[in-house]
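Architecture at a glance
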Amino acid sequence: MTVPRQLTVLIAGGGGYIGHNLARSLAPDHDVVITLRPGGSVSTSLPGVMAIEQDLLDEPGVEKLVRSVAPHCVIDVAGTKNLGFCEEQPDEAMRINCRAPECLAQSAHAVGSGFVFVSSDYVFDCIAGGFREEDTTSPMTEYGRTKLCAEQAVMAAHPAAAVVRTSAVYGRGGGQFYTWLCQTLARGGVVDAFDDSIFTPTLIDDLAQALGRIALEGHCGIFHVAGSTAITRYGMACAVAEAFDYPAGLVIKGKRQDAQKLIATNSSLDASRSAEQLDLIFHDLKTGLGILKESGATDE
């Protein structure tokens, strides 16, 4: 499908890691508007990107913003991923992770804009792993419940919306676990990584490309965008050490303690169907790390 140049895309949560990389990916060919948290410390210097401070919990303000921008599509990458916060303050987490996306979806639908919502592997029970798009959802954490609630609310508010579930995003400029690994190993620190928690690390470039294609081509429904390697956190740490020539002895096996049981046992996603549908390649971890090494993105 040929996508017209210079479409307008509104990215909610554009000051975050995913939002920043998505804006950078789209800006060369399209008009990109991102929202930033009012009074926050994050800014953007990306050429061709307009940044607007907007509280996403201010529903009249959100409705006004979407009407004024009138984008081809709204892509929502905002929200909190803090598992502990969601457990401790479930009502507030639900406002942030569910009600805010619902309002954005309603506003997008009202002006005829497309809508793409970024969700999580945590909407599943995170026990067996290898979850496909059609598998039964059964979140075990408050965070997962907020994301599932948002999926349902968004698709009810905007019948042509797309939901994109992803997992353990890593790459240049961020990815919490990846950045911690690189910085710790670079200074010679020991990495104690869980070998009882499996996920599917997803290269940020792959996610940005998929989100752009879904938004610009008007795809709808549920998609999984995740790397093709299901691996433990310990396994990923070993792979990072090998890829960037850090001593293998710096990586040791760890186990989740009681306070860390919110971290999934096996949240791995099967994204093969979505990759085929979108005609994209979601790179395995070894290849993804090779791409980052070649580009010099070690996040030290």
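First things first, this report covers the structure right here in the doc. (Residues numbered from 1 in each chain as written. Predicted model: local features only at pLDDT ≥ 70, side-chain atom pairs only at ≥ 80, totals over all residues. Heavy atoms only, no water.)

What about the state of the cysteines?
Keep this limit in mind: Two cysteine sulfur atoms form a disulfide, by the criterion used here, when they sit within 2.5 Å. In this description a helix means any DSSP run of H or I spanning at least four residues, a strand means any run of E spanning at least two, and both kinds are numbered starting from the N terminus.
Within the structure shown, the criterion is met by one disulfide. Residue cysteine 98 pairs covalently with cysteine 149 via a disulfide, S to S 2.4 Å. Between cysteine 98 and cysteine 149, the disulfide has an S-S torsion of -60° and is therefore left-handed. On the criterion of sequence distance, the pair formed by cysteine 98 in helix 4 (residues 90-110) and cysteine 149 in helix 5 (residues 142-157) is long-range, its members being 51 residues apart. Cysteine 98 provides the cysteine sulfur closest to cysteine 86, a residue in no disulfide bond, and the two sulfurs are 12 Å apart.

Remarks on the side chain of threonine 166
Note the cut-off: Under the rule applied, a polar contact is a pair of N or O atoms within 3.5 Å (in protein, one hydrogen donor and one hydrogen acceptor; residues adjacent in sequence only if both atoms are side-chain atoms). Two residues form a contact once any of their heavy atoms are found within 4.5 Å.
Here threonine 166 lies in strand 6 (residues 162-166). Separated by 2.7 Å, the side chain of threonine 166 and the backbone oxygen of valine 225 make a polar contact. In this structure threonine 166 touches Val118, Ser119, Ser120, Asp121, Thr202, Leu207, Val225 and Leu269, once residues within four positions along its chain are discounted.

Description of the packing of helix 1 (residues 17-26) against helix 7 (residues 204-217)
Put simply, the rule is: With axes taken as lines fitted to C-alpha atoms, and helix axes fitted only over the stretch in contact, angles between N-to-C directions fall between 0 and 180 degrees. If you view the pair so one helix is near and one far, a crossing is left-handed when the near helix is turned anticlockwise from the far one by less than a right angle, and right-handed when it is turned clockwise. Residues are grouped as follows: nonpolar covers Ala, Val, Leu, Ile, Met, Phe, Trp, Tyr, Cys and Pro; charged covers Asp, Glu, Lys and Arg; every other residue, Gly included, is treated as polar.
Contact geometry of helix 1 with helix 7 gives a least axis separation of 9 Å together with a crossing angle of 65°. Where helix 1 crosses over helix 7, the handedness of that crossing is right-handed. Only Ile204, Leu207, Ala208, Leu211, Gly212 and Leu216 of helix 7 make contact with helix 1, whose side of the interface consists of Tyr17, Ile18, Asn21, Leu22, Ser25 and Leu26. In terms of residue class, the contact of helix 1 with helix 7 is built from nine nonpolar, three polar and no charged.

Some details on the sheet that holds strand 5 (residues 114-120)
Stated precisely, the cut-off is as follows: Between any two strands, at least two bridges found by DSSP are needed for them to pair.
Strand order across the open sheet formed by seven strands is 3-2-1-4-5-6-11, with parallel pairing between neighbours. Each edge of the open sheet is held by one strand with a lone partner, namely strand 3 (49-53) and strand 11 (221-225). In this sheet, neighbouring strand axes are inclined to one another by 20° on average, regardless of whether the strands run parallel or antiparallel. Running over the sheet, helix 1 touches strand 1 (8-12), strand 2 (31-36), strand 3 and strand 4 (73-76) and is turned about 170° from strand 1. Where helix 2 (residues 59-69) meets the sheet, it contacts strand 1, strand 2 and strand 3, and its direction lies at approximately 160° from that of strand 1.

As for the nonpolar core
As a reminder, the rule being used: By convention a nonpolar core is built from buried Ala, Val, Leu, Ile, Met, Phe, Trp, Tyr and Cys residues, the set being connected through side-chain atoms within 4.5 Å. Three exposure classes are used, based on accessible area relative to the maximum for each residue type with a 1.4 Å probe and protein chains only: buried under 20%, partly exposed in between, and exposed over 50%.
Core analysis: the biggest nonpolar cluster contains 42 residues, and Ile11, Ile75, Val116 and Leu211 have the highest contact counts within it. Among the elements that make up this core, the one with the highest residue count is helix 7 (eight residues). The residues touching valine 116, leaving out its near neighbours within four places in the chain, are Cys73, Val74, Ile75, Asp76, Ala162, Val164, Leu211, Ile214 and Ala215.

Notes on the pattern of salt bridges
Heads up, the condition is: Any carboxyl oxygen of Asp or Glu that lies within 4 Å of a side-chain nitrogen of Lys or Arg is treated as forming a salt bridge with it.
For the structure shown, the criterion picks out 14 salt bridges. With its nearest N and O atoms 3.1 Å apart, the salt bridge here joins aspartate 270 to arginine 132. With aspartate 270 in the loop between strand 13 (251-254) and helix 9 (272-278) and arginine 132 in the loop between strand 5 and helix 5, this residue pair connects regions lying 138 residues apart in the sequence. Between aspartate 205 and arginine 172 there is a salt bridge, with its nearest N and O atoms 2.7 Å apart. Of this pair, aspartate 205 sits in helix 7 while arginine 172 sits in the loop between strand 7 (169-170) and helix 6 (176-186), and the two are 33 residues apart along the sequence. Within this structure, Arg132, Glu133, Glu134, Asp270 and Arg273 form a network of salt bridges that share partners.

As for helix 2
Selection rule: Arc, as used here, means the arc of the directions from the helix axis to the C-beta atoms.
Considered for burial, the residues of helix 2 that qualify are Gly61, Val62, Leu65, Val66 and Val69. Each buried residue of helix 2 sits inside an arc of 130° when the element is viewed along its axis, so together they form one side. Residues of helix 2 that are exposed and point over 90 degrees away from its buried face: Pro60, Lys64, Arg67 and Ser68. The secondary structure elements touched by the buried residues of helix 2 are strand 1, strand 2, strand 3 and helix 4. The positive-phi residue at the C-terminal boundary of helix 2 is alanine 70, with phi of around 45°.

Remarks on the pairing of strand 1
Counted only if it meets this: Seen with the strands pointing away from the viewer, any crossover whose path from the first strand over the helix to the second strand runs clockwise is right-handed.
The buried fraction of strand 1 is high, at four of five residues. Relative to strand 2, strand 1 runs parallel, the two sharing four bridges. Among the inter-strand pairings, valine 9 is bridged to a residue of strand 2, identified as valine 32. With respect to chirality, the unit in which strand 1 leads through helix 1 into the neighbouring parallel strand 2 is right-handed.

As for the environment of valine 62
Tracing the sequence through the fold places valine 62 in helix 2. For the pair valine 62 and alanine 100, spaced 38 residues apart in sequence, the C-alpha to C-alpha distance is 9.0 Å. The contact partners of valine 62, leaving out residues within four places of it in the chain, are Gln54, Asp55, Leu56, Cys103, Leu104 and Ser107.

Any link to function would need more than the numbers given here.
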